[in-house]
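# Summary of the model geometry
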Amino acid sequence: MTLSRRAFLLGAPAAVLGACAKAGGGRAAAPTPPSSATTAPAPSTTTRPGGRSAFVRRGPAAHPTVALTFHGSGDVALLDELLAVAAAHRAKLTIFAVGQWLDANPPVARRILAGGHELANHTYTHPALGRVSAEEARLEASRCRDALVAHAGTPGRWFRPSGVEVPGDTILGAAAAAGYPTVVGYDVDPHDYQDPGAAQVRSRVSTGLAPGAIVSLHTGHRGTVDALGGILDDAAAKGLRAVTVSELLGP
């Protein structure tokens, strides 16, 4: 039976949580419904019992939408090309920005938001977050939040840890402490950061494209930029639209 977006998030978390636990053994919880990151106020500080955020790695399959998410860092010129490709295809992206990248490139945040995309938190210095202390994890999340507020006027709605596919309790607690009710993972990963070439990136992503998919990609990589147009063409051929994480998960 197909579930609505709201029912998926609020009434039927077991499928998501079971998949997360099977994949990485981490503890997770049902996500909290979001609103648009480009205009939304600061994230709610409501968390799961024990002060942990929820974790979700894909959206509901009830609608023909996918989320192309990017770990935001690297060459800003390549980012501009990426945004131009997205605009040409009327696609909306979610950029999980590294805080020190935003601080080093102040105009970037506003350029991303001006294209109708959304910004989210991907830590401040991009460490292997599962290997740092609880206090360091909280600092990474809060410093990036502050960079987002400084440059974009919003902390964003979502947190994604660096160097970890399925977060444990320490990371979920750090996200909650920074004000993020939901940690967003992904279920399609082409390993584009290894620079396998545009053809491989496109093929790996397109193979996994299905309603509700959340794709992990990276800015600052030539092959990813060159692959994006083909990925969006392949999505359209499957009847899928690329939307922000906020639209994918929905209210």
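Right, let's walk through the structure included here. (Residues numbered from 1 in each chain as written. Predicted model: local features only at pLDDT ≥ 70, side-chain atom pairs only at ≥ 80, totals over all residues. Heavy atoms only, no water.)

### Focus: the overall build of the chain
Scanning the chain from terminus to terminus reveals 10 helices and seven strands. Within the span of the chain, comprising 251 residues, buried residues form 52% of the whole. Long-range contacts, defined as pairs at least 24 residues apart, comprise 82% of the intrachain contacts of the chain with a sequence gap of at least 6. Just so you have it, the chain exposes about 10,000 Å², and 53% of that area is on carbon and sulfur atoms. (Helix = DSSP H or I, 4+ residues; strand = E, 2+ residues; numbered from the N terminus. Buried < 20%, exposed > 50% of the residue type's maximum accessible area, 1.4 Å probe, protein only. Contact = heavy atoms within 4.5 Å. Areas by Shrake-Rupley, 256 points an atom, 1.4 Å probe, with all protein chains shown as cover.)

### Describing helix 7 (residues 169-177)
Structurally, the α-helix is built with 3.6 residues per turn, so residues lying three or four positions apart point the same way. Those residues of helix 7 that fall on the buried side of the exposure criterion are I171, L172, G173, A174, A175 and A176. Buried positions along helix 7 lie against strand 1 (54-56), helix 6 (134-152) and strand 5 (182-184). Immediately beyond the C-terminal end of helix 7, within one or two residues, lies G179, with a positive phi of roughly 100°.

### Focus: the packing of helix 8 (residues 198-208) against helix 9 (residues 222-237)
Remark: helix 8 packs on helix 9, axes separated minimally by 8 Å, with the N-to-C direction vectors making an angle of 40°. Viewed along their axes, helix 8 and helix 9 adopt a mutual orientation that is oblique. For the element pair helix 8 and helix 9, the recorded crossing hand is right-handed. Residues A198, V201, R202, V205 and S206 of helix 8 form the contact with helix 9, whose participating residues are G223, D226, A227, G230, I231 and D234. Classifying every residue of the contact of helix 8 with helix 9 by side-chain character gives five nonpolar, three polar and three charged. (Axes fitted to C-alpha atoms, helices over the stretch in contact; angles between N-to-C directions. Parallel < 35°, antiparallel > 145°, perpendicular 65-115°, else oblique. Left-handed = near helix turned anticlockwise from the far one by under 90°. Nonpolar A, V, L, I, M, F, W, Y, C, P; charged D, E, K, R; others polar.)

### Description of the environment of P181
Tracing the chain through its elements places P181 in the loop between helix 7 and strand 5. On the accessibility criterion, P181 (5% relative accessible area) is buried.

### Side note on unusual backbone geometry
One non-glycine residue with positive phi stands out, namely R90, at about 55°. Its location among the elements puts R90 in the loop between helix 3 (76-88) and strand 3 (93-97). In this model, H126 sits at a positive phi of 65°, which is unusual for a non-glycine residue. Structurally, the position occupied by H126 is in the loop between strand 4 (118-121) and helix 6.

### As for the layout of surface pockets
The volume enclosed by the largest pocket comes to roughly 180 Å³. In this structure, the largest pocket is lined by 14 residues; those nearest its centre are H71, G163, Y186, Y193 and H218. When the residues that make up the lining of the largest pocket are grouped by side-chain class, the tally is four nonpolar, eight polar and two charged. (1 Å grid on protein atoms, 1.4 Å probe; cavity = no way out; pocket = protein on both sides within 12 Å on 5 of 7 lines; lining within 4 Å. Points joined across faces, edges and corners; volume = space filled by probe spheres on them.)

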